[in-house]
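Reading the structure
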Amino acid sequence: MGLTRPDEPAFSIEEWRAQPPTERLRMMCVTWATQGFGAPYVVYVLYIVKILFFIGVFLVIAAFTPGLGGPASFGDWWSEPIAFEKAVLWTLMFEVMGLGCGSGPLTGHYAPMFPTTRHWLRPGTTRLRPFTWVPFTAGHRRTWFDVGLYAALLVLLAVALASRELDATRLLPIVVVLCVLGLRDKTIFLAARSEHYLMMTVAFLFAADAIPAAKAVMVIMWVGAAVSKLTHHFPSVMAVMLSNSPVTRSERFRRALYRHYPDDLRPSRLTTVFAHTATAVEFAFPLVLAFTTDGPLHTAALALMVLFHLNILVSIPMGVPLEWNVVFIYSGLVLFGAYGDVAFWSIDSPVLIVLLIAYVLIGPVWGNLRPDRISFLPSMRYYAGNWAPSIWLFRHGLMDRLDERITKAAPLPRIQLEGQIEPGTFDVTMARGYAMRAMHLHGRALAVLTPRMFADLAGTDPEVAAKGQDAFESIDGEQVAGLVLGWNFGDGHLHHEQLLAAIQDQCDFAPGDVRCLFLESQPLHQQRMHWRVADAATGGIDEGWIEIADLMDLQPWGEPTPTG
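Residues numbered from 1 in each chain as written. Predicted model: local features only at pLDDT ≥ 70, side-chain atom pairs only at ≥ 80, totals over all residues. Heavy atoms only, no water.

1. Quick notes on the sheet that holds strand E3 (residues 390-395)
Taking strand neighbours across the sheet as the criterion, the five strands line up as E4-E3-E5-E6-E7 in an open arrangement whose pairing is antiparallel. Sheet topology places strand E4 (472-476) and strand E7 (539-547) at the edges, where each strand pairs with a single neighbour. On average, each strand axis in the sheet is inclined to that of its neighbour by 15 degrees, with strand direction left out of account. Here E3 pairs with strand E5 (residues 514-519) via five bridges, running antiparallel. Each residue of the ladder has a partner; that of Ser 390, found in E5, is Phe 518. The strands that helix H21 (residues 441-449) touches are E3, E5, strand E6 (528-535) and E7; relative to E5, the one it contacts most, it runs at about 145 degrees. Relative to the sheet, helix H23 (residues 477-485) contacts E3 and E4, its axis offset from that of E4 by approximately 75 degrees. (Pairing = 2+ DSSP bridges. Helix = DSSP H or I, 4+ residues; strand = E, 2+ residues; numbered from the N terminus. Axes fitted to C-alpha atoms, helices over the stretch in contact; angles between N-to-C directions. Contact = heavy atoms within 4.5 Å.)

2. Points about the pattern of salt bridges
Counted under the stated rule, the structure contains 26 salt bridges. For Arg 193, the salt bridge goes to Glu 195, with nearest N and O atoms at 2.8 Å. For the pair Arg 193 and Glu 195, a shared accessibility class is recorded, and that class is buried. Members of the salt-bridge network, linked through shared partners, are Arg 395, Asp 461, Glu 463 and Lys 467. (Salt bridge = Lys/Arg side-chain N within 4 Å of Asp/Glu carboxyl O. Buried < 20%, exposed > 50% of the residue type's maximum accessible area, 1.4 Å probe, protein only.)

3. Quick notes on the environment of Thr 561
Mapping Thr 561 onto the fold places it in the segment after helix H25 (548-551). When the C-alpha positions of Thr 561 and Leu 494 are compared, they lie 33 Å apart, and in sequence the two are 67 residues distant. In this structure Thr 561 touches Asp 264, Arg 266, Asp 553, Leu 554 and Gln 555, once residues within four positions along its chain are discounted. Side-chain polar atoms of Thr 561 contact the backbone oxygen of Asp 553, separated by 2.7 Å. (Polar contact = N/O pair within 3.5 Å; in protein donor to acceptor, adjacent residues only side chain to side chain.)

4. Quick word on the state of the cysteines
Using the criterion set out here, one finds zero disulfides in the structure. Cysteine Cys 101 is unpaired, with the sulfur of Cys 179 as its nearest cysteine sulfur at 19 Å. The class for Cys 101 is buried, based on a relative accessible area of 0%. (Disulfide = S-S within 2.5 Å.)

5. Focus on the side chain of His 119
Within the element layout of this structure, His 119 appears in helix H6 (residues 116-120). Excluding anything up to four places from it in sequence, His 119 contacts Thr 125, Arg 142, Thr 407, Lys 408, Ala 409, Val 484, Leu 485 and Gly 486.

6. Quick word on the nonpolar core
A general feature of soluble globular proteins is that nonpolar side chains tend to end up buried together. Counting residues in hydrophobic clusters, the biggest one holds 158 residues, and the most contacted among them are Phe 84, Leu 106, Met 200, Leu 265, Trp 392, Leu 499 and Ile 503. In terms of residue count, the dominant contributor to this core is helix H11 (residues 210-228) (12 residues). In this structure, Met 200 is in contact with Phe 84, Val 88, Ala 214, Val 217, Met 218 and Leu 335, ignoring residues within four places of it in sequence. (Core = buried A, V, L, I, M, F, W, Y, C linked by side-chain atoms within 4.5 Å.)

7. A look at the pairing of E5
Burial analysis of E5 places six of its six residues in the buried class, the great majority of the element. Along E5, one buried face is formed by Val 514, Cys 516 and Phe 518 and the opposite face, lined by Arg 515, Leu 517 and Leu 519, is buried too. With five bridges connecting them, E5 and E6 associate as antiparallel partners. Note on E6: the bridge partner recorded for Leu 517 is Val 533.

8. Things to note about empty space enclosed by the protein
As enumerated under the stated definition, the model contains four cavities of 30 Å³ or more in all. There is about 700 Å³ of room inside the largest cavity. Considering the residues around the largest cavity, the lining is formed by 35 residues, among which Leu 106, Met 318, Gly 319, Met 436 and Glu 478 are closest to the centre. Among the secondary structure elements, those contributing two or more residues to the lining of the largest cavity are helix H12 (234-244), helix H20 (426-439) and H23. Broken down by element, the lining of the largest cavity gets its largest block of residues, six residues, from H20. When its residues are assigned to classes, the lining of the largest cavity shows 20 nonpolar, 11 polar and four charged. By volume, the second largest cavity is sized at about 60 Å³. Every residue lining the second largest cavity is listed: Met 221, Trp 222, Ala 225, Glu 282, Phe 308, His 309, Trp 324, Phe 328, Tyr 382 and Tyr 383. Among the secondary structure elements, those contributing two or more residues to the lining of the second largest cavity are H11, helix H15 (296-315) and helix H16 (322-338). Broken down by element, the residue count for the lining of the second largest cavity peaks at three residues, all from H11. (1 Å grid on protein atoms, 1.4 Å probe; cavity = no way out; pocket = protein on both sides within 12 Å on 5 of 7 lines; lining within 4 Å. Points joined across faces, edges and corners; volume = space filled by probe spheres on them. Nonpolar A, V, L, I, M, F, W, Y, C, P; charged D, E, K, R; others polar.)

9. Notes on the layout of surface pockets
There is about 1400 Å³ of room inside the largest pocket. Taken together, 41 residues line the largest pocket, and the ones lying closest to its centre are Phe 131, Ile 362, Arg 373, Ile 374 and Pro 378. Among the secondary structure elements, those contributing two or more residues to the lining of the largest pocket are helix H8 (168-184), helix H9 (186-191), helix H10 (197-205), helix H17 (350-369) and E6. The biggest single contributor to the lining of the largest pocket is H17, with six residues. Per-class residue counts for the lining of the largest pocket are 22 nonpolar, 11 polar and eight charged. The computed volume of the second largest pocket comes to approximately 1000 Å³.

10. Side note on the packing of H10 against H11
For the pair H10 and H11, interaxial distance at closest approach is 8 Å and the crossing angle is 160 degrees. Relative to H11, the element H10 is oriented roughly antiparallel. Where H10 crosses over H11, the handedness of that crossing is right-handed. Contacts between H10 and H11 involve Met 199, Met 200, Ala 203 and Phe 204 from the first element and Ala 210, Ala 213, Ala 214, Val 217 and Met 218 from the second. Of the residues belonging to the contact of H10 with H11, the class tally is nine nonpolar, no polar and no charged. (Parallel < 35°, antiparallel > 145°, perpendicular 65-115°, else oblique. Left-handed = near helix turned anticlockwise from the far one by under 90°.)

Next comes the structure, spelled out in structure tokens:
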């Protein structure tokens with residue numbers, strides 16, 4: 001890895017291009033195992049600067065808040081309730097402006113790297129409503145009303161951050177506007193990380209119960225995230241994250257993450273131990289913090305919490321939930337350190353208790369039992385690997401229609417990367433992203449099912465019959481969502497049939513021009529995943545279920561594991 005140049009793949013690019021799709025994927029997966037995404041160090045420096053900017057602005061906000069102060073007196077005011085509340089509101093604003101999760105080059109945003117705010121302030125851009133039955137939300141184009149709501153949310157947040165105190169007159173309008181905005185566009189609602197910061201803001205409305213309620217939200221999120229890792233997906237996540245971490249650079253260590261590099265790239269026993277240990281830790285420290293108030297065990301749990309989130313932070317994972325982990329550390333120290341003696345169950349308001357129960361039942365409970373109904377964010381499947389991906393295939397030349405007919409957040413990736421990478425290496429850069437997807441357990445399902453996307457065309461289309469997948473240009477659904485919606489963060493519900501319909505309405509593709517494979521997350525109580533194949537013009541053409549047990553025997557490129 002160089003300062004400004006990415007790693008060179010461990011093969012001849014020309015020889016790689018001459019291979020069929022499955023072999024190209026295999027070669028890139030082998031490269032990913034020891035190089036990760038291969039991004040230059042300057043990319044990681046960018047994210048470090050962004051974190052420092054995030055912290056710096058918070059310190060400025062605190063400096064202008066009566067009763068708090070600047071960095072020199074941080075030890076005197078860091079745990080004040082208004083400091084904590086403003087930290088949450090600032091992070092909500094940071095996220096809803098597209099500066100936090102899902103931003104920058106590690107999430108496919110190259111030029112511009114932060115297109116979200118401008119995109120959501122433009123009428124005519126694409127939006128996705130979460131419910132078809134809610135009145136006054138029909139359509140998929142952003143109106144001046146939507147723009148006004150988003151602008152109002154930013155203004156309300158700025159006013160609250162500049163206020164001397166935070167009460168219902170400052171907080172309730174933020175809650176109302178974000179909820180109304182979310183009923184018209186689920187993308188903005190999810191980008192605000194509403195399952196965290198909106199719920200915290202609701203807790204702040206109940207001033208007498210704000211601290212115990214905020215502690216309850218934190219415990220729910222920690223335990224919910226831990227529960228979501230009780231599947232076979234998480235060991236693959238651990239292998240992918242450690243292979244890409246700028247900290248764990250040892251090639252010997254990275255090879256040890258896999259069963260038999262380079263022939264068997266399933267997670268090794270070492271990686272599985274790492275994954276199970278991380279899950280146990282994520283169960284342990286929040287439960288200890290929740291049911292103890294002080295003492296050595298409580299202090300040890302606080303230290304473990306800090307180390308847990310620091311480990312994620314320094315790994316700079318794909319999706320870059322960096323500031324989110326900073327806030328988790330700060331919130332944990334405030335709520336369970338400074339206010340460790342406040343029990344999370346000491347909430348008096350029956351309304352708040354009902355809201356918290358609904359928060360649990362709708363999010364992590366219903367969301368993991370019916371992942372097709374609830375986004376992976378309120379379901380709290382953050383690092384679980386049990387996500388809903390998609391693959392989009394465009395006939396060559398037709399992807400340009402997105403640029404021509406849709407008001408997007410950014411141009412197509414190959415245009416964004418012009419002048420930023422070596423000429424003629426765009427396909428290599430994109431292939432690294434496909435390999436990252438394939439290295440996850442759900443990626444094996446995509447590799448196996450991809451031929452079904454065009455199987456019905458092979459008998460009538462000579463080009464498809466001769467070239468198969470190479471008759472199309474492939475792109476991950478995450479990138480389509482980032483281009484068209486302005487934000488992406490691993491949520492397959494932002495790039496499934498609803499987005500396809502919105503794009504088709506604007507682009508008018510012919511039958512066979514665009515094919516999509518949508519894979520739903522695994523329900524926690526079932527050992528299978530539901531998939532669908534759809535054509536942009538004609539709709540659904542195939543669907544079925546794929547068993548988790550079958551995926552565990554496959555390599556990332558979709559071939560059975562060699563025996564012997």
